[in-house]
Amino acid sequence: MKNVLNLLSVLTVIAFMALGTTANAQKIAYVDSDAIVPEMPAYKRAKSEVEAYGKQLQKVLEGKQKDAQTYYQEIMQKAQNGELTPKQEQEAQAKLQKMQEDLQKEAADADRKLAAKEGELTEPLYKEYKTALEKVAKENQYNYILDKKMLLYSDGGIDATEKIKTALGISW
């Protein structure tokens, strides 16, 4: 009787350990963000708007660059024809230098504006993406969802990419 009681105690402990291990198991899924984000309608709109804005900024810069080039050619022509005094040549050179510096500043400013515009337009879509991740994680009881490109090794696992696409209304 004592042996049966000991055996029953050992089996009970083993059962609790097995249940405890199963209850603490973590569900981890992964997604391929590169296959999801570019498919989002908001991403396509944002990309289109950023490209249009970039072209607009580029056009302005090209116009100013053309103005500087035209001025340079005019000065070079006058200098070759001997129409400029040394003081005028010096002033023209200073003006060209200033035009070049201004152009470089405006190019850097255009890059900053473009990056800011991109951030402004993509922030809402990344919030939408995060909301979809959270929804799918809760619905499927995932403790973690990792990005596929961050995985160093994976032998199978749960690919939640299509579930996220469905949550975002992206047809596949």
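Just so we're clear, the structure is a prediction, and the values are computed from it rather than from any experiment. (Residues numbered from 1 in each chain as written. Predicted model: local features only at pLDDT ≥ 70, side-chain atom pairs only at ≥ 80, totals over all residues. Heavy atoms only, no water.)

A. View of the environment of Ala 132. In this fold, Ala 132 is placed in helix H4 (residues 86-140). Relative accessible area serves as the criterion here: at 4%, Ala 132 is assigned to the buried category. Residues Ala 132 and Ala 167, spaced 35 residues apart in sequence, show a C-alpha to C-alpha distance of 5.8 Å. (Helix = DSSP H or I, 4+ residues; strand = E, 2+ residues; numbered from the N terminus. Buried < 20%, exposed > 50% of the residue type's maximum accessible area, 1.4 Å probe, protein only.)

B. Looking closely at the pattern of salt bridges. Scanning all chains against the criterion turns up seven salt bridges. Residues Glu 123 and Lys 127 are paired through a salt bridge, measuring 3.4 Å at the closest nitrogen-oxygen approach. One end of the pair, Glu 123, and the other, Lys 127, are both in helix H4, four residues apart, so they sit about a helical turn from each other. Linked by salt bridges that have partners in common, Asp 109, Arg 112 and Lys 113 make up one network. (Salt bridge = Lys/Arg side-chain N within 4 Å of Asp/Glu carboxyl O.)

Function-wise, these values are silent; they only describe arrangement.
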